[in-house]
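Coordinate analysis (summary)
This is what each chain is made of:
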Amino acid sequence: MIVELGEKEIIVRRISTHIDARDVIEIINNTLERKDIKMIYNFEGSPGPLGEGIVIKIKLSKKLSNVDISVLRKIFELKGIPVKVNPA
């Protein structure tokens, strides 16, 4: 799994199971729920060993602050998930 963090978009690639997808969504929702940010989720692909896995693209109604990006990055890194921060 790989997470890409941008100011107005979060992309999670190579999710192998629905359980992992649910966990990622839960982390993002719990971290951003008090920020009054509306999120639009877009799902692509499918789980399993034959493809690239599930891709979740999340469009955000507001820009993430540097603190928000740092917090999300740290949470994912602590779970062993590589994170790429996309410049503005």
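Scroll up to find the structure.
The text that follows walks through the structure, step by step, so that each part is easy to find. (Residues numbered from 1 in each chain as written. Predicted model: local features only at pLDDT ≥ 70, side-chain atom pairs only at ≥ 80, totals over all residues. Heavy atoms only, no water.)

Quick look at the pattern of salt bridges
Close approach of charged atoms allows side chains with opposite charge to pair. Counted under the stated rule, the structure contains 8 salt bridges. As a salt-bridge pair, Arg 22 and Asp 23 come within 3.4 Å of each other at their nearest N and O atoms. Taking relative accessible area as the criterion, Asp 23 reaches 32% and is therefore assigned partly exposed. For Lys 62, the salt bridge goes to Asp 36, with nearest N and O atoms at 3.5 Å. A residue pair is termed long-range when its members are at least 10 positions apart, and Lys 62 in the loop between strand 4 (54–60) and helix 2 (66–78) and Asp 36 in the loop between helix 1 (18–32) and strand 3 (39–45) qualify at 26 residues. (Salt bridge = Lys/Arg side-chain N within 4 Å of Asp/Glu carboxyl O. Buried < 20%, exposed > 50% of the residue type's maximum accessible area, 1.4 Å probe, protein only. Helix = DSSP H or I, 4+ residues; strand = E, 2+ residues; numbered from the N terminus.)

Remarks on the packing of aromatic side chains
For the structure shown, the criterion picks out 1 aromatic pair. Considering the side-chain rings of Tyr 41 and Phe 43, the 6.3 Å spacing of their centres and the 15° angle between planes classify their relative orientation as stacked. (Phe/Tyr/Trp six-rings, centres within 6.5 Å; stacked < 30°, edge-to-face > 60°.)

Observations concerning the nonpolar core
Nonpolar side chains in soluble globular proteins tend to end up buried together. Among the nonpolar cores identified, the biggest contains 22 residues, and Ile 10, Ile 28 and Phe 76 are the most heavily contacted of them. Broken down by secondary-structure element, the contributors of at least two residues to this core are strand 1 (2–5), strand 2 (9–15), helix 1, strand 4 and helix 2. Top element by residues in this core is helix 1. It accounts for 6 residues. Not counting the four nearest positions on each side in its chain, Phe 76 is found in contact with Val 3, Val 24, Ile 27, Ile 28, Ile 81 and Val 83. (Core = buried A, V, L, I, M, F, W, Y, C linked by side-chain atoms within 4.5 Å. Contact = heavy atoms within 4.5 Å.)

Here's the deal with helix 1
Think of an α-helix as 3.6 residues a turn; residues three or four steps apart then line up on the same face. Taking 1.5 Å per residue, 15 residues should reach 21 Å; helix 1 reaches 21 Å between its end C-alpha atoms and fits that length. Residues of helix 1 that are buried include every one of Ala 21, Val 24, Ile 25, Ile 27, Ile 28 and Leu 32, and no others. Down the axis of helix 1, the buried set is contained in an arc of 155°. They therefore lie on one face. Where helix 1 is buried, its residues contact strand 2, strand 3, strand 4 and helix 2. (Expected span 1.5 Å × (residues − 1). Arc of directions from axis to C-beta.)

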